[in-house]
Amino acid sequence: MKLWAGRFESEIDKEADSFNSSLNFDKRLYYYDITGSKAHCTMLGKCGIIPAAEADIIVKALDGILADIESGMTVIENAEDIHSFVENELVSRIGEVGKKLHTGRSRNDQIALDIRLFLRDAAKNIIALIKSLIKQLVEISENNLETVMPAFTHLQKAQPTTLAHHFMAYAEMFARDVKRFKEALDRINVMPLGSGACTSTSYPINREMVAELLDFPAITSNSMDAVSDRDFVIDFISAASIAMMHLSRFSEEIIIWSSDEYKYVELSDKFSTGSSIMPQKKNPDMNELLRGKTGRVYGDLMSILTVMKGIPLAYDKDLQEDKECVFDAYDTLKACLGIFTALLGDMKINKDRLRESTDGGFTGATECADYLAKRGVPFRDAHSIIGQLVVYCIKNGKTLQTLTLDEYNKFGDFREDIFDVIKPENAIARRTAPGSPSVKAMKDEIDKMKKFLTKA
Ligand code: ARG
């Protein structure tokens, strides 16, 4: 039975009915819909808008419906949307009294509430998952404070660093993701019920009471805005897109690092797959999927931005299109965070190979230039001299390590200590400013991150 059937003289066309229906996807909001209805009904009873005894009957019946859905006794089907389903079910269970639930309410403020309740839990779940990932990164970093590896720029070897420094860079990104989801949560966590269809209601409702019952710290300030606002959905998907971008970058590195050319890491058998034709293959499919699914979450963001861009105030049915994209973004990010954290924990780090790779590619060149500059050569000149030294090495098949002191001295005033200066371990140890890779600086960064994890 349609909630709005009274004004109609004939039934809706079958195809139009299924085109209009959102039950297929909004049924996952049943818990939030029923929870919101219970709070609304309790308020109606307490404010004397409906008799308190009837409010009790409705709330109990709503509890029964929730329990039956959860146990599988009641199947959500045959309704236009989750709101219609719950109301129809209520009336079929308790009769006429059930028809009073919707007093002073519209599906427009009802769905605005449902999606906020859903996203409030979703944001909290995502925050917890990102924090687990950061914990994993901190743990790996603590075990690799002295694991030397090349830092890259332009994917060319740049300077020596440590695996801890590289991994903690991602921890910083994910910590900002946590903050982004928290900020999104602030805007999600506002109670819209009482806004009605668009101009609130003439019943003497108590919106603050509903907010308190549902644990909202604030209520929305304008009923037109409240039923038509979905920027908090955009906040959520946008935070999800940025988090996916971070996962994707990291995945890309793991894909490169696990290739035969790099061999920096080895994925465990549990998190890789094989080829149906090439027996030797061990493929980083999880990371490739993570990278691929990022496009999908960006698509969700584009969808909701585009849906919102041209709709006049207040509620329009276009807004129903917010759900599939936000569910998809949430489900995708949630799955990706879980897989990625587990995969990292099981990944083997090939320390010898990382160390060996640091020696090639002239990663000590900046140290050589700084060596001259610290002895009074203007840095720009020192840079140019070492540039020529590198060309000499390339032409003569030498490295900064295999050059003789005599060869060094063809270019500038070098002493025996240059060989110590260019050692990656020493280059790293000299970098003590906050944010740098020395053990001391990294320990400080990790301490800060641990504090963030306990308070965030
Ligand atoms: N299914 C709708 C949505 O997701 C619920 C609100 C419907 N309101 C209405 N007046 N048709 O937005």
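Refer to the structure above for everything that follows.
It should be emphasised that the depicted structure is a prediction, and the values quoted were computed from it without experimental measurement.

### Comments concerning the site of the ligand
Surrounding the ligand, one finds Ser 22, His 83, Arg 107, Asn 108, Ile 111, Tyr 315, Lys 317, Gln 320 and Lys 323. Within the side chain of Gln 320, an N or O atom sits 2.6 Å from a nitrogen atom of the ligand. Within the contact set of the ligand, an oxygen atom lies 2.7 Å away from a side-chain nitrogen or oxygen of Lys 323. If the ligand stood free it would expose 340 Å²; the protein chains cover 87% of that surface. Considering every element that reaches the shell around the ligand, the biggest residue donor is helix α6 (residues 107-142), with three residues.

### Some words on the environment of Glu 266
Here Glu 266 is to be found in strand β3 (residues 265-266). The spacing of Glu 266 and Pro 150 is 116 residues in sequence and 17 Å in space, taken between C-alpha atoms. Residues contacting Glu 266, with those up to four places away along its chain left out, are Lys 282, Met 347 and Lys 348.

### Brief notes about α6
Counting along an α-helix, one turn takes 3.6 residues, and residues three or four places apart therefore face a common direction. If you check α6, its first and last C-alpha atoms are 52 Å apart, about what 36 residues at 1.5 Å a residue would give, namely 52 Å. Of all 36 residues making up α6, 26 are buried, and the element is well covered by its neighbours. Two or three places before Asn 108, at the start of α6, stands the capping residue Ser 106, its side-chain oxygen 2.8 Å from that residue's backbone nitrogen.

### Here we look at a positive patch on the surface
Side chains of Arg 176, Lys 179, Lys 182 and Lys 455 sit close together on the surface and give a patch of like positive charge. Summarising the element assignment, Arg 176 is placed in helix α7 (residues 163-188). Using a relative accessible area of 43% as the deciding quantity, one classes Arg 176 as partly exposed.

Calculation notes
- Residues numbered from 1 in each chain as written.
- Predicted model: local features only at pLDDT ≥ 70, side-chain atom pairs only at ≥ 80, totals over all residues.
- Heavy atoms only, no water.
- Near = heavy atom within 4 Å.
- Polar contact = N/O pair within 3.5 Å; in protein donor to acceptor, adjacent residues only side chain to side chain.
- Areas by Shrake-Rupley, 256 points an atom, 1.4 Å probe, with all protein chains shown as cover.
- Helix = DSSP H or I, 4+ residues; strand = E, 2+ residues; numbered from the N terminus.
- Contact = heavy atoms within 4.5 Å.
- Expected span 1.5 Å × (residues − 1).
- Buried < 20%, exposed > 50% of the residue type's maximum accessible area, 1.4 Å probe, protein only.
- Patch = residues over 30% accessible without salt bridge, like charges linked within 9 Å, V, L, I, M, F, W, Y side chains within 5 Å.
- Salt bridge = Lys/Arg side-chain N within 4 Å of Asp/Glu carboxyl O.
- Lys, Arg positive; Asp, Glu negative; His and termini not counted.
- Charge placed at Lys NZ, Arg CZ, Asp CG, Glu CD.

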